[in-house]
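# Geometric and topological summary
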Amino acid sequence: MDLDVFVTAHRAEWDRLDALLRRQRRLNGAETDELVALYQRTATHLSLIQSSAPDPQLTGRLSQLVARARSAVTGTRRASWRDVTRFLAHGFPAAVYRSRHWWVPTALLSTVVAALLGWWIGTHPEVQSSIAAPGELRELTRPGGQYETYYSSHPAASFAAQVWTNNAQAAAMCLVLGIFLGLPVLWILFQNMLNLGIGAGLMSSVGRLDTFLGLVLPHGLLELTAVFVAAGTGLRLGWTLIDPGPRSRRTALAEEGRAAVGMAIGLALVLFVSGAIEGFVTPSGLPTWARIAIGVGAESAFLAYVFVLGGRAARAGDTGDVAAAERSATVPTAA
C-alpha cells in the first residue's frame, strides 16, 4: 500500500471527523449519522495502516481520533449499585463456575499433596527434627502451645484484618502471575500446601490431629477454596497464553484477564468472610463441633452460590467479563 496516496485519499474524512468531534453545539440527526459512518471508516483505515504500512505518527493520530469518536458515539456511563448487584449475582459466580474445570482439580490435587506431606512429616521423626529443634516442636504442639494460641494472640478485629489482607494478596498474586505460564502460581500453591502439611504432620505426631483440624476447618474450608479458585484461574490464564483457542491471543488474554480482575475483587469479599471467621469464630469458646459447623455452612453457601447462581448465569451467556458496550473498542482486522 502506498501510504502517501492512502493519506491523500482519506485525509478529508479524518479532518471532517475531527471537526465534528470538536463541535460545541449538539449535532443534528444528519451530522450524528455522518459521525458514526466516519468513525467506522476511520477505524477500518487504522486497521489497514497497522497491518500494511505501519507509521507510528499516523497510527497515533488515528488511534486518538478513533478513541474520541468511540467515546462520542457510545457516550460515558457511570457505575451504579445496579452494576455491583449484577456483578455479585451474575458476573462473579459465573466466572468462578466457568473456571471450575481448573480449580476443582487444583483443589483435589492440592489436598492430596497436603495430606501426603502431613503423613510424611508425621511419621518421620528425622523430618520433624529438620523443621525445628525438639524443644521448639514441643512448644508448638503441646496443649496451649503456639498452634492453639496463634488464633487468639491478637485482638480479633485486627487479626481478622491482617489475615484478610494476607490472603487477598496471595489470591491476587495467583490471578495476576498466572500470565507467566502459571509457574509462579504452582509455587504459591505448593507453599500453602506445605505450611498446611507441616502443621498437620507435627500435630498428628503427638496425637493431636483432631485439635489441629478443629482449629483449621472453621475458616480453612472457605479460605482454601478461595485460594484454589484463584490458583485455578491463574493457571487457566497461563494456559490461554499457550492455547488461546479460536480467539486471537490478544483477544483471549484480554477477555480472561478482565474476568480474572473481577474475580480478584469477588474473592477479596469471600476472603473477608473467612478472615472474620478466623478472627472471631476459630479462637472463640464455642464447642469444636459448632465452630466446624459454621465453617461447613460458609463453605456450603459459597459452593451453592457458585454452582446454582453461577451455573445459571453461565448458561445464560455471562462469562464474568465486562459488558460488551463497556469494553475497549476493537479495531477491525484487515482480511
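All values derive from a computational prediction rather than experimental measurement. (Residues numbered from 1 in each chain as written. Predicted model: local features only at pLDDT ≥ 70, side-chain atom pairs only at ≥ 80, totals over all residues. Heavy atoms only, no water.)

This part takes up the nonpolar core. Residues F92, V96 and L267 are the most contacted members of the largest nonpolar core, which totals 33 residues. Breaking this core down by element, the ones donating at least two residues are helix 4 (81-98), helix 5 (100-123), helix 9 (156-177), helix 10 (183-205), helix 11 (209-242), helix 12 (249-281) and helix 13 (288-315). Considering every element that reaches this core, the biggest residue donor is helix 11, with nine residues. Contact partners of F92, with chain neighbours within four places excluded, come to F87, G262, M263, G266, L267, V270, F302 and Y305. (Core = buried A, V, L, I, M, F, W, Y, C linked by side-chain atoms within 4.5 Å. Buried < 20%, exposed > 50% of the residue type's maximum accessible area, 1.4 Å probe, protein only. Helix = DSSP H or I, 4+ residues; strand = E, 2+ residues; numbered from the N terminus. Contact = heavy atoms within 4.5 Å.)

Within this numbering scheme, the UniProt entry marks residues 102-121, 168-189, 259-277 and 289-308 as carrying the feature "transmembrane region" (unreviewed entry). The span residues 102-121 is 100% helix and 0% strand, and its two end C-alpha atoms sit 28 Å from each other. Secondary structure within residues 289-308 divides into 100% helix and 0% strand; the distance between the first and last C-alpha atoms comes to 27 Å. (UniProt positions renumbered as here; feature names shortened; annotations may be inferred.)

Let's shift gears to the layout of surface pockets. Its volume calculated, the largest pocket comes out at about 780 Å³. Around the largest pocket sit 24 residues that line it, and Y150, Y151, N195, E223 and E278 are the ones nearest its centre. The element best represented in the lining of the largest pocket is helix 11, accounting for seven residues. Split by residue class, the lining of the largest pocket holds 12 nonpolar, 10 polar and two charged. (1 Å grid on protein atoms, 1.4 Å probe; cavity = no way out; pocket = protein on both sides within 12 Å on 5 of 7 lines; lining within 4 Å. Points joined across faces, edges and corners; volume = space filled by probe spheres on them. Nonpolar A, V, L, I, M, F, W, Y, C, P; charged D, E, K, R; others polar.)

You can read the domains of the chain as domain 1 (1-72) and domain 2 (81-321). Using C-alpha coordinates to define each centre, domain 1 is positioned 49 Å away from domain 2. (Domains from an automatic or database assignment.)

The subject of this paragraph is the packing of helix 5 against helix 11. Between two packed helices, what matters for the description is the angle formed by their axes and the separation of those axes. Packing of helix 5 against helix 11 leaves a shortest axis separation of 8 Å and a crossing angle of 120°. In terms of axis orientation, helix 5 runs oblique to helix 11. Relative to helix 11, helix 5 is oriented so that their crossing is right-handed. Where helix 5 abuts helix 11, its residues W102, W103, T106, A107, S110 and T111 lie against T225, F228, V229, A231, G232, L235, R236 and W239. Tallied by class, residues from the contact of helix 5 with helix 11 come to eight nonpolar, five polar and one charged. (Axes fitted to C-alpha atoms, helices over the stretch in contact; angles between N-to-C directions. Parallel < 35°, antiparallel > 145°, perpendicular 65-115°, else oblique. Left-handed = near helix turned anticlockwise from the far one by under 90°.)

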